[in-house]
Amino acid sequence: MSARMDDAAEAPDAPRATPSRLARFLGSDLWLNFRRSKLAIGAFAVTLLMFGLAFAAPWISPQNPYDPAQLELLNSNLPPLWNPDGQSPFLLGTDDQGRDVLSAVLYGLRLSLIVGMLGVVVSGFLGIGLGLVAGYFGGALDTVIMRVADVQLTFPAILIALVVDGVAKASFGSALDTNATILLIVVSIGLSFWVQYARTVRSSVMVERSKDYVQAARLIGLSSPVIMVRHVLPNVTGPVFVIATINLALAIITEATLSFLGTGLPETMPSLGTLIRTGNRFLFSGEWWVVAFPGIALAGLVLAINLLGDWLRDALNPKLQ
Amino acid sequence: MTETVLSVRDLRVAFETRRGTLTAIDGVSLEIGRGEILGVVGESGAGKSVTGSAVIGLIDPPGRIAGGEIRLGSERIDDLPPEKMRRIRGRRIGMIFQDPLTSLDPLYRVGEQIVETIRTHTDLSAKTARARAIDLLTEVGIPAPERRIDGYPHEFSGGMRQRVVIALALAAEPELIIADEPTTALDVSVQAQVITLLKRLCREHGTAVMLVTHDMGVIAEAADRVAVMYSGRIAEIGPVAEVVRAPRHPYARGLMGAIPTLSDTAERLTQIPGSMPRLTAIPPGCAFHPRCPNVFGRCRVERPEPILVGGTRVACHLYDARGEAA
Amino acid sequence: MRAARTSAAPAGAYVEVEDLRRVFDVSKPWLNRLIEREPRQSLKAVDGVGFAIPRGETFALVGESGSGKSTVARMVVGLLPPSAGEVRISGVSMTDPRQEAARRRLRARIQMIFQDPYASMNPRWRVGSIIAEPIRAFNLIQGEGAIRARVGELLRLVGLHPDDARKYPHEFSGGQRQRIAIARALASQAEFLVGDEPTSALDVSVQAQILNLMRDLQDRFGLTYLFISHNLAVVRHMATRIGVMYLGRLVEVGPKAGIFASPRHPYTRMLLDAVPDLAHIGRARTPVSGEIPNPIDPPPGCTFNPRCPHANDRCRSEVPALLDGVACHAVEEGRLPS
């Protein structure tokens, strides 16, 4: 049959096998852009370092700062090691309860990152889900979801997190243990940041929904949820990664702010924000190390993630190529 | 042949990418005389739009003119500084693009845009320019031009908008018009109107036209001569009647056979196997040789130069009496 | 007023479309309407279209923009519910809620080929999965190996290589994608294919390949086609019978030879005359004036009357019925020169 001859004889340069995903990534513009951008490489390195340190905290910390048994009041208020009054093994000094600042920073980093990432996951799921539904079905559902989003955007995210957090604490107060507190903070952060995801996903969904491949899927009788998840979702998640990266930095800052204000994590399980809060009290008595090092760690982490997110956004923007 | 308005010799346009240099046009030569319509036809990727853009001087980096010359009248224009080229554009060369929606600025009245073009390139006063704009609108067939001259583009229908674009192109009395797919976005019945209009105006004003399109039917009706492009080169260039009725280049033959017409009775359309090679993989020798039914040894190694056969120039070894012809 | 039976196929044809209508609500949002005091606006995209397609034939719907031909295609396939009228395929109604079960069984037999080869396939899916999706959805074949084999078969059928199943759509040209789309349509054992301008986005030489392929497949498998196009020359090549649409109505219907040799409706004549054709080298002519009116606000009576050289008062007030394949007062009254 002559139909067979045609395009099969096309472009002899086209390889028969599709290159693997890794090969395709390494040849892509994104990777090339990354290799050329010193800022991106630096930001990524710092982020990776922070993640690594946080992950390894239980193993590399000189002490476990949450374990009261390891603390000795004798060691309290020691300055960092390079200071003449400093003592080994307290590299960065201790606080008023004898807690090693370095260990506290490592554990705090860990907690900040965990809470931040969980927060991103919650807001991501919520936002993508609502965005999908709003964009695909349109009509009244879309209007309702978008108006709620609009209203929420008029409030600063911190305020929303504070309200959710405060209301929950007031209702359940003493019944909350530390795990519940962490969960509560994660939910607060999640609820305050979903809008960005929802809006972006919604507009992408509206574009994809009008494309013929969605019609083709409807033609073979697939139900709407199936089409949304299997066909539309993979095509709208691109911008989500950029939002998630920048969102992570925001989530970490939000948690730190909440803790600093006293409504976040308790002092017995300090994140970087709580440490800054405790350290703040001693700032004017000259013990600067308790607030400085957590502060530097927090600022460094957030800056690195933000820079990475900025680079990613520009690199993925086809108009800037 | 009448006085030559546009002369393109051996034009080469290259694009620098990180994968290397891609040659979009490789040695294109053509000429257009006063009042003549030259159709430049080819499928996607053949380089016809790039040819038009090169003449107007609108090749953006990473593309550049890498060789050859373009002459408007007797003056060379391919090596002009941007400022001088800008003045030639609009004054001596007019442009008509495919989408009338984006060719006209939606924020300005139609009359304002025509008058602006007139006054940029001539010394006419505002009043005279406006009168001339109304004349132009009348010429292109806009009813009630004195009223419609103050309309915004969105108030016109598709066909009317394209007529306005033609009026805009003619506003400064250019010697040459480059029309890139001027009728593709229009309905069939409107296409016919616009083609007729373009033909009439060009005869009356003596404007040379380069009509770039993929629609061979439009070329057959509108053009005097046609250049068939393939892979950045011209396969065949000659009078429309000759090229359409008796194409010589095997690609042109395949192309004419593949186009369904209102009168043919063939059961199957002629099929050219394969597809046009990508810019990164243009075969050596004749670019068409992998798909050619008449290929022979020489075709695979030596690129054919255009040979004059009858009134047509064909770039095909089959017509070279000197070498080993088929 | 019931139209007299057209010169259509006998009752009980494979595809039957009766008095199909579709109205779109194009009003501004109600808040705007409230404030600006504007009435509801509706667009009559399809206004009473009826035809029949016998098995194994190709029926082409031809028209320019605003004719409603794409809307008809989507209603026939079931992607868009009609505002009124009936579509019956193989005797099963496409709209009757009581026949839902029969319709579900029928769905596999009806497929569509879309115009844009770049938007009709999910860019994130491999070609093999795209073609296999209808097989899986309708549970036609069990077992991964069997499905893979069938996908390879289908790819070969449309002129591609079974190894291409591992690739992504963006690795193929426009023409190759349309082949994949045809393979996908055949995967569900479709008998009835609706092509919505399937070759309009393709280069001429590629178009020839796809059209030839479609005809070969039709000959081989006895497929029935509904072919939508604005290109009369393409339609001439593919169709058995042709319907010409203008602003939502069928103005002329008939066998291909008749339509091209002796078109009756003034619009059909104008359309045929206006098509830029290879045979019309350097032809001078006077094209018909005017453009397609705004479908939201069509002219009264026969919608073609502002552009028709034979329009009289009756044309301007009364909608002509489709009689003997033509909807035209002038033809009915014998006023039209042949």
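Residues numbered from 1 in each chain as written. Chains lettered and ligands numbered in written order. Predicted model: local features only at pLDDT ≥ 70, side-chain atom pairs only at ≥ 80, totals over all residues.

Mind showing me how you'd approach the overall build of chain B here?
On a plain count of helices and strands, chain B comes out with 12 helices and 12 strands. Expected size for 326 residues packed as a compact globule is a radius of gyration near 20 Å; at 21 Å, chain B falls within 12% of this value. C-alpha extents for chain B along the principal axes are approximately 65 × 50 × 40 Å. Looking at chain B as a whole, 50% of its 326 residues qualify as buried. Pairs at least 24 apart in sequence give 64% of the contacts found in chain B among residues at least 6 apart. (Helix = DSSP H or I, 4+ residues; strand = E, 2+ residues; numbered from the N terminus. Rg over C-alpha atoms; globule rule 2.2 N^0.38 Å. Buried ≥ 20, exposed ≤ 12 C-beta atoms within 10 Å, placed from the backbone. Contact = placed C-beta atoms within 7 Å.)

Would you mind showing me how to read the overall build of chain C here?
Assigned secondary structure in chain C consists of 12 helices and 10 strands. Relative to the compact-globule value of 20 Å for 338 residues, chain C shows a C-alpha radius of gyration of 21 Å, a close match. Here the C-alpha coordinates of chain C stretch approximately 70 × 55 × 45 Å along the principal axes. For chain C, the proportion of its 338 residues judged to be buried stands at 50%. Nonlocal contacts in chain C, meaning residues at least 24 apart in sequence, comprise 67% of its contacts between residues at least 6 apart.

Would you mind showing me how to read the sheet that holds strand 9 (residues 241–246) of chain C here?
Strand pairing in a sheet takes place through backbone hydrogen bonds and is either antiparallel or parallel in direction. All names here are of chain C. Here 6 strands make up an open sheet; going across it, the order is 6-7-8-3-9-10 and the pairing mixed. Of all the strands in the sheet, just strand 6 (110–113) and strand 10 (249–255) have a single pairing partner and so form its edges. Pairs of neighbouring strands in the sheet enclose a mean axial angle of 15°, with direction left out of account. Where strand 7 (residues 192–196) and strand 8 (residues 224–229) come together, 5 bridges link them in parallel fashion. By the bridge assignment for strand 8, V194 is matched with L226. (Pairing = 2+ DSSP bridges. Axes fitted to C-alpha atoms, helices over the stretch in contact; angles between N-to-C directions.)

Can you help me understand the UniProt feature "domain: ABC transporter" (unreviewed entry) in chain B in this one?
Residues given the UniProt feature "domain: ABC transporter" (unreviewed entry) here are residues 8–256 of chain B. Helix makes up 42% of residues 8–256 of chain B and strand 28%. Its end C-alpha atoms lie 26 Å apart. (UniProt positions renumbered as here; feature names shortened; annotations may be inferred.)

I would appreciate a short explanation of the interface of chain B and chain C in the present structure.
A common way to state how big an interface is: give the accessible area lost once the parts meet. Listed as interface residues are 38 residues of chain B and, on the opposing side, 36 residues of chain C. At the level of elements, helix 8 (188–205), helix 9 (216–222), helix 10 (240–245) and helix 11 (250–258) of chain B are the ones that each hand at least two residues to the side of chain B that touches chain C. Considering only residue class, the side of chain B that touches chain C consists of 18 nonpolar, 15 polar and 5 charged. (Nonpolar A, V, L, I, M, F, W, Y, C, P; charged D, E, K, R; others polar.)

I'm lost on the sheet that holds strand 3 (residues 37–41) of chain B in this one. Help?
Residue and element names in this part refer to chain B. Read from one edge of the open sheet, 8 strands run 6-7-8-3-9-10-12-11, paired in mixed fashion. The open sheet has two edge strands, strand 6 (93–96) and strand 11 (307–309), and neither has a second partner. Along the sheet, successive strands turn relative to each other by an average axial angle of 20°, direction set aside. In this structure, strand 11 lies alongside strand 12 (residues 312–314), joined through 3 bridges in antiparallel fashion. Opposite L308, over in strand 12, you have R313 as the bridge partner. On top of the sheet, helix 11 reaches strand 9 (225–230) and strand 10 (233–239); it is set at about 105° to strand 9, its chief contact.

Would you mind showing me how to read helix 1 (residues 48–56) of chain B here?
In an α-helix there are 3.6 residues to a turn, and that puts residues three or four apart on one side. Residue and element names in this part refer to chain B. With 9 of 9 residues buried, helix 1 is to be regarded as a mostly interior element. Taken together, the buried positions of helix 1 are occupied by K48, S49, V50, T51, G52, S53, A54, V55 and I56. At the C-terminal side of helix 1, G57 shows a positive phi close to 85°.

How do you make sense of the pairing of strand 2 (residues 20–33) of chain B when you look at a structure like this?
Both faces of the sheet carry side chains from a regular strand, because those side chains alternate between them. Residue and element names in this part refer to chain B. Pairing of strand 1 (residues 4–17) with strand 2, which is carried by 11 bridges, proceeds in the antiparallel orientation. Among the inter-strand pairings, F15 is bridged to a residue of strand 2, identified as L22. Connecting the antiparallel pair strand 1 and strand 2 is a turn made up of 2 residues.

Before we go on, may I ask you to explain the environment of Q191 of chain B in this structure?
Counting through the fold element by element, Q191 of chain B comes out in helix 8. Taking C-alpha positions, Q191 of chain B is 8.6 Å from V218 of chain B, a pair spaced 27 residues apart along the chain. What Q191 of chain B contacts, discounting residues up to four positions off in sequence, is T183 and L186 of chain B together with A274 and P276 of chain C.

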